[in-house]
Amino acid sequence: MASSTIAKLGAIAAERWGMVTTAQAAEVGVSRKTLSNLAASGALERVAQGVYRMAGAPTGMLEVDTIRIHWLALGGTASVIASGKSAAALHEIGDWLPGASEFVAATRRTTRIDGVRIRVRSLAAEDIVFVDGMPSMSVERTIADLIESREYLSLVSDAVAQAIQRGILLRPNRLKEMLEPLARRYREPSGAALMDGLSEAVPS
């Protein structure tokens, strides 16, 4: 029984960075009590309320790992999307101090999870991508979101530089479009001019 249960959980965890939620376990007939027993035996590690990691499963970078755990704790659905500095961490752009895991959702959501911030925001489908199986703002939407959130432009410039250098800023025109309403805040005549200013950090 234990081996078949572990096999069921392992199949789920293989698609979720070595982790499984109580809701996912319930879908394959594994109860909360069984999960608790497996955690007590060392077969699972409880990493958040309702989220367990398989014993021996590899972990990623601490910040990214935390974002994934928080996303799973929120239900692990495509309607909750990594944003701001969390999205930048997933894309591996910029150098940000660890902080709250940032997400957006189209409708208001509340949570008691410490270290999680959820904003209400509807995104165009073109501004949502999946990064290693997790929904996130696109690189372009992430950069615009960081500027909207009034992050230091020098840090955003670093993120832009890294995105360009790595070839993952694929739609500069889309970024310029999103920066257009923000340009006046930074005394730039247009989104294109603001984009040019951010791009100056890229070495020639």
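Residues numbered from 1 in each chain as written. Predicted model: local features only at pLDDT ≥ 70, side-chain atom pairs only at ≥ 80, totals over all residues. Heavy atoms only, no water.

By the criterion of burial, helix α6 (residues 139-148) is predominantly enclosed, with nine of the 10 residues buried. Those residues of α6 that fall on the buried side of the exposure criterion are Val139, Glu140, Arg141, Thr142, Ile143, Ala144, Asp145, Leu146 and Ile147. Residues of α6 that are buried make contact with α5 (84-91), β6 (116-120), β8 (134-137), α7 (153-165), α8 (172-179) and α9 (191-199). Two residues or fewer past α6, Arg150 is found with a positive phi of approximately 65°. (Buried < 20%, exposed > 50% of the residue type's maximum accessible area, 1.4 Å probe, protein only. Helix = DSSP H or I, 4+ residues; strand = E, 2+ residues; numbered from the N terminus. Contact = heavy atoms within 4.5 Å.)

On to the packing of aromatic side chains, then. Here the structure, examined in full by the defined rule, presents one aromatic pair. Where Trp17 meets Trp71, the ring centres are 5.8 Å apart and the plane angle is 65°; that geometry is what we call edge-to-face. Here the residue Trp17 occupies a position in the loop between α1 (2-13) and β1 (19-21), and Trp71 occupies one in helix α4 (residues 62-73), the gap between them amounting to 54 residues. The cationic tip of Arg16 hangs over the ring face of Trp17; the distance from NZ or CZ to the ring centre is 5.9 Å. (Phe/Tyr/Trp six-rings, centres within 6.5 Å; stacked < 30°, edge-to-face > 60°. Lys NZ or Arg CZ within 6 Å of the ring centre and 35° of its normal.)

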